[in-house]
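Each chain is listed here by its residues.
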Amino acid sequence: MKPAPFDYVRPSGIEEACRTLAEAGGGATIIAGGQTLMPLLNLRMSQPFILVDINGIADLKGVSQVEGGTRIGPATRQADALKDATLARHLPAFVTALGHVGHYQTRNRGTIGGSVALGEPAAEMPATAVALGARIEIASVRGTRTVAADAFYLGPYMTVLETDELVTGIVYPDWPDGHLVLFREVAQRPGDFALVGMVGALVLEGGTVTRAGIAWFGMGATPIRARQAEAALLGTALDRIDPQAVARAAVADTAPFDDHHASAEYRRTIGARIFARALAETLDLRSAA
Ligand SMILES: Cc1cc2nc3c(=O)[nH]c(=O)nc-3n(C[C@@H](O)[C@H](O)[C@H](O)COP(=O)(O)OP(=O)(O)OC[C@H]3O[C@@H](n4cnc5c(N)ncnc54)[C@H](O)[C@@H]3O)c2cc1C
């Protein structure tokens with residue numbers, strides 16, 4: 001199928017993009033990498049009358065160090081972020097998770113902001129933003145606002161974004177050098193969306209966990225912070241950590257559903273297993289699940 005007719009604009013600045021979105025009164029859609037949007041247009045599941053292409057806006061691209069964190073422009077290509085030295089050094093969990101987003105070909109076009117804004121519950125980037133405590137910068141003709149990733153996701157493909165709003169940056173707070181990365185996902189094939197996955201970061205000081213940020217994907221309608229597991233780990237010495245008990249606590253925070261790929265029960269069972277294994281291996285605990 002071919003898309004329904006639409007006008008195409010390619011603004012060169014954020015202000016112009018926001019103005020176009022506002023003037024369209026809900027009839028415009030942003031296109032970034034197009035990896036999700038193009039099929040939706042072709043199937044006519046999305047029928048905007050204006051397509052706002054943000055790829056000509058230089059201010060929306062690139063990675064920079066800002067006070068207290070690392071900022072990623074939303075139009076940064078996934079393939080470029082994968083090769084970025086700043087991200088490799090400061091956000092290894094982000095880079096690990098990004099390596100599981102789609103395929104080489106889709107990452108060459110797909111953007112970080114597109115993944116974050118889409119709000120697919122089984123996607124890696126939204127859960128990574130939640131786990132690492134990212135803040136999402138948003139602009140419109142009405143001004144700017146910043147929303148914690150935790151509060152950004154409302155449901156499957158549903159976020160707090162209004163139709164006239166543009167994500168202009170994603171800021172990940174600093175995690176200290178040498179922090180540990182947690183990542184596991186189960187998918188039917190490499191490059192597929194995960195059936196279930198978890199991502200996070202841990203800081204160890206003197207054999208005790210002093211900071212933890214962990215989130216699930218594919219385990220509910222939104223990315224889900226593993227709050228009970230984080231609480232169980234914080235302040236706990238390595239030799240007191242029972243990976244299976246922490247994994248059970250982590251699963252208690254989830255709300256998986258049945259779909260044609262897997263049952264909720266499967267997701268709970270496999271989720272607990274991958275969580276316990278990731279934890280045991282990352283912390284080098286002998287009682288691996
Ligand atoms: C074969 C295949 C496999 C894939 N596998 C995975 C996978 O395993 N994991 C995964 O996470 N993804 C996967 N994807 C999707 C991934 O490739 C996309 O990059 C991502 O979902 C959307 O990013 P995009 O830049 O292409 O956004 P687009 O398709 O251009 O846009 C997606 C949505 O985000 C909105 N949007 C984009 N940028 C902004 C912005 N700055 N502000 C506000 N709204 C914005 C758009 O309006 C649209 O609604 C896969 C895609 C394909 C084709």
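Residues numbered from 1 in each chain as written. Predicted model: local features only at pLDDT ≥ 70, side-chain atom pairs only at ≥ 80, totals over all residues. Heavy atoms only, no water.

**Q** Sorry, what's going on with the environment of Gly114 here?
**A** With respect to the helices and strands, the residue Gly114 is situated in helix α7 (residues 112–118). Relative accessible area serves as the criterion here: at 28%, Gly114 is assigned to the partly exposed category. Taking the C-alpha atoms as reference points, Gly114 and Thr70, separated by 44 residues in sequence, lie 18 Å from one another. (Helix = DSSP H or I, 4+ residues; strand = E, 2+ residues; numbered from the N terminus. Buried < 20%, exposed > 50% of the residue type's maximum accessible area, 1.4 Å probe, protein only.)

**Q** Honestly, the site of the ligand in this entry has me stumped. Any pointers?
**A** Neighbouring the ligand are 31 residues; Ile30, Ala32, Gly34, Leu37 and Thr111 lie closest to it. Ile30 places a main-chain nitrogen or oxygen 2.6 Å from an oxygen atom of the ligand. Taken by itself the ligand offers 970 Å² of open surface, and the protein chains cover 86% of this. Counting residues per element, the ones that place at least two in the shell around the ligand are β2 (28–31), α7 and β10 (166–173). Ranked by residue count, the leading element in the shell around the ligand is α7, at four residues. A per-class count over the shell around the ligand returns 14 nonpolar, 15 polar and two charged. (Near = heavy atom within 4 Å. Polar contact = N/O pair within 3.5 Å; in protein donor to acceptor, adjacent residues only side chain to side chain. Areas by Shrake-Rupley, 256 points an atom, 1.4 Å probe, with all protein chains shown as cover. Nonpolar A, V, L, I, M, F, W, Y, C, P; charged D, E, K, R; others polar.)

**Q** I would appreciate a short explanation of the packing of helix α11 (residues 243–252) against helix α12 (residues 264–282) in the present structure.
**A** To characterise two packed helices, one gives the angle between the axes of the helices and the distance between these axes. The N-to-C vectors of α11 and α12 enclose an angle of 135°; their axes lie 8 Å apart at closest approach. As judged from the angle between their axes, α11 and α12 are oblique. Here α11 runs over α12; the crossing is right-handed. Listed contacts from α12 to Pro243, Gln244, Val246, Ala247, Ala250 and Val251 of α11 are Arg268, Gly271, Ala272, Phe275, Ala276, Leu279 and Ala280. (Axes fitted to C-alpha atoms, helices over the stretch in contact; angles between N-to-C directions. Parallel < 35°, antiparallel > 145°, perpendicular 65-115°, else oblique. Left-handed = near helix turned anticlockwise from the far one by under 90°. Contact = heavy atoms within 4.5 Å.)

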